[in-house]
Amino acid sequence: MNKKYFTKELVRWHAHVNMRSLPWKEEKDAYKIWLSEIILQQTRAQQGLPYYLKFVEAYPSVKKLARAEEESVYRLWQGLGYYNRCKNMLATARYIAEELGGKFPKEYEGILALKGIGPYTAAAIASFAYGLPYAVVDGNVYRVLSRYFGIDTPIDSTEGKRVFAELADELLDKSDSGGYNQAIMDLGATVCTPQNPNCGECPVQKHCVAYKQGLIGELPVKSKKLKVRKRYFHYILLHAADTLWIHKRSAGDIWENLHEPLLVEHTSQLDSKELQKQEAYLLLPIGKQVLTFEGSLSQKLTHQTVESRFFSLHLDKAIQMPENAGKWVKIKELKKYAFPKTVLSFLEKKLYF
Ligand code: SF4
């Protein structure tokens, strides 16, 4: 009874009250829906919106994206973080263009088989683009369902994932799966928000267990606390005339494929004197030059906090660096490269762009 009520009221709210307007809503092109979903993973809609518009303009079709130069795509992505998304997105676009004739798969299983696409994104594309009966289950959906039904099974447990997935399937309005999925995501994003939900405006408040029993602050439940690792990065900006030395970060760590100045990572924060005693610094063929401290920035990622300190060193001429992967780049050409957010903020602050 409460399940039928939930679906009916949610769909009614979506049709008559929900005014959340975003450019990818009502979109039927699977490529554009996929683009929006990849951009919106771990990103708020308002932050992702300008990126979505830029990508659609630069690459209006999956074939155009597949043909794009890697560096240009990373440049456009710059600032969004979670660069693995960008890497997988490009790989998937190339796979679709080369192996599937530039056409998105039209079945759920085919969509799910694509790189970087999990059950949530597959359900979103399948229901929005093709009206297939698959329910989305994301953070918004977990929150709304756990509160409305008063479910305290941890959402990050195997059992929780099964319980919520089955419930979401049962509640789905199969005659309009796209509309229903949009409705529950919008309700979670705009009304049943993590903090201070607007229960007064909620279409399903009448039977909401959390509302009636004062459990809103307790639900949803998570079993694991996220462990956040602190890392200390020391960037040395090596200048020679009008060039700066940068290199591309390699695989297996954060910010893969992005560029950065010379990096010395340490287990604690170092000042310039301590930094000059580190092996990476001593290996540089630079004689007794003194580092100048330029400032520090902090960036929070999901599992890590990166504390970055920046130092500069002005050389008479470009030197042969111990690491072969890097290069000396003219300062006015730096904007052609993609950098992690912290490095970009620093370079912008120092008016390199
Ligand atoms: Fe969420 Fe409040 Fe609506 Fe319950 S009544 S679903 S807690 S917004």
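Each remark here, short or long, concerns the structure printed above.
What you see is a predicted model, and the numbers here were worked out from it, not measured in a lab.

Cut-offs used in this document
Residues numbered from 1 in each chain as written. Predicted model: local features only at pLDDT ≥ 70, side-chain atom pairs only at ≥ 80, totals over all residues. Heavy atoms only, no water. Helix = DSSP H or I, 4+ residues; strand = E, 2+ residues; numbered from the N terminus. Expected span 1.5 Å × (residues − 1). Buried < 20%, exposed > 50% of the residue type's maximum accessible area, 1.4 Å probe, protein only. Contact = heavy atoms within 4.5 Å. Core = buried A, V, L, I, M, F, W, Y, C linked by side-chain atoms within 4.5 Å. Domains from an automatic or database assignment. Phe/Tyr/Trp six-rings, centres within 6.5 Å; stacked < 30°, edge-to-face > 60°. Lys NZ or Arg CZ within 6 Å of the ring centre and 35° of its normal. Lys, Arg positive; Asp, Glu negative; His and termini not counted. Salt bridge = Lys/Arg side-chain N within 4 Å of Asp/Glu carboxyl O. Polar contact = N/O pair within 3.5 Å; in protein donor to acceptor, adjacent residues only side chain to side chain.

Caption draft 1: How the structure looks around helix α8 (residues 119-130). Taking 1.5 Å as the rise per residue, α8 with 12 residues should run 16 Å; its terminal C-alpha atoms sit 16 Å apart, in good agreement. The buried count for α8 comes to 10 of 12 residues, which makes it a mostly enclosed element. Those residues of α8 not exposed but buried are Y120, T121, A122, A123, A124, I125, A126, S127, F128 and A129. The inward-facing, buried residues of α8 contact α2 (30-40), α7 (108-112) and α11 (177-190). In the segment just after α8, G131 is the residue with positive phi, at about 65 degrees.

Caption draft 2: Region of interest: the nonpolar core. In this structure, F6, W34, L65 and L145 are the most contacted members of the largest nonpolar core, which totals 95 residues. With 8 residues, the single largest contributor to this core is α8. Inspection of this core shows a minimum of three residues originating in each of domain 1 (2-218) and domain 2 (229-349). Those residues in contact with W34 that lie beyond four places of it in its chain are V62, L65, M89, T92, A93, F104, I117 and I125.

Caption draft 3: Molecular detail of the packing of aromatic side chains. Under the defined criterion, the tally for this structure stands at 16 aromatic pairs. Residues Y235 and F310 carry aromatic rings whose centres are separated by 5.4 Å and whose planes lie at 25 degrees to one another, so their mutual orientation is stacked. Of this pair, Y235 sits in strand β1 (residues 229-240) while F310 sits in strand β6 (residues 304-315), and the two are 75 residues apart along the sequence. Neither Y235 nor F310 differs from the other in exposure class; each is buried. Stacked on the ring of Y51, the Lys or Arg K54 has its end atom at 4.5 Å from the ring centre.

Caption draft 4: Highlighting the side chain of R85. With respect to the element layout, R85 can be found in helix α6 (residues 83-99). No salt bridge is formed by the buried R85. Its closest oppositely charged neighbour is E37, at 9.5 Å. At 3.3 Å, the side chain of R85 and the side chain of T43 are in polar contact. Excluding residues within four positions of it along the chain, R85 makes contact with I38, I39, L40, Q41, Q42, T43, W77 and L80.

Caption draft 5: Highlighting the pattern of salt bridges. For the structure shown, the criterion picks out 13 salt bridges. Between E307 and K230 there is a salt bridge, with its nearest N and O atoms 3.5 Å apart. Of this pair, E307 sits in strand β6 while K230 sits in strand β1; the two residues are 77 residues apart in sequence, bridging distant segments of the chain. Relative accessible area serves as the criterion here: at 17%, E307 is assigned to the buried category. In this structure K230 comes out as partly exposed when scored by relative accessible area, which is 49%. Across the salt bridge formed by D253 and R231, the nearest N and O atoms sit 2.9 Å from each other. Here the residue D253 occupies a position in the loop between β2 (243-248) and β3 (259-260), and R231 occupies one in strand β1, the gap between them amounting to 22 residues. The exposure class assigned to D253 is partly exposed, which follows from its relative accessible area of 32%. Connected through shared salt-bridge partners, R231, R249, D253, E260 and E265 make up one network.

Interpretation in functional terms is not warranted from these geometric data alone.
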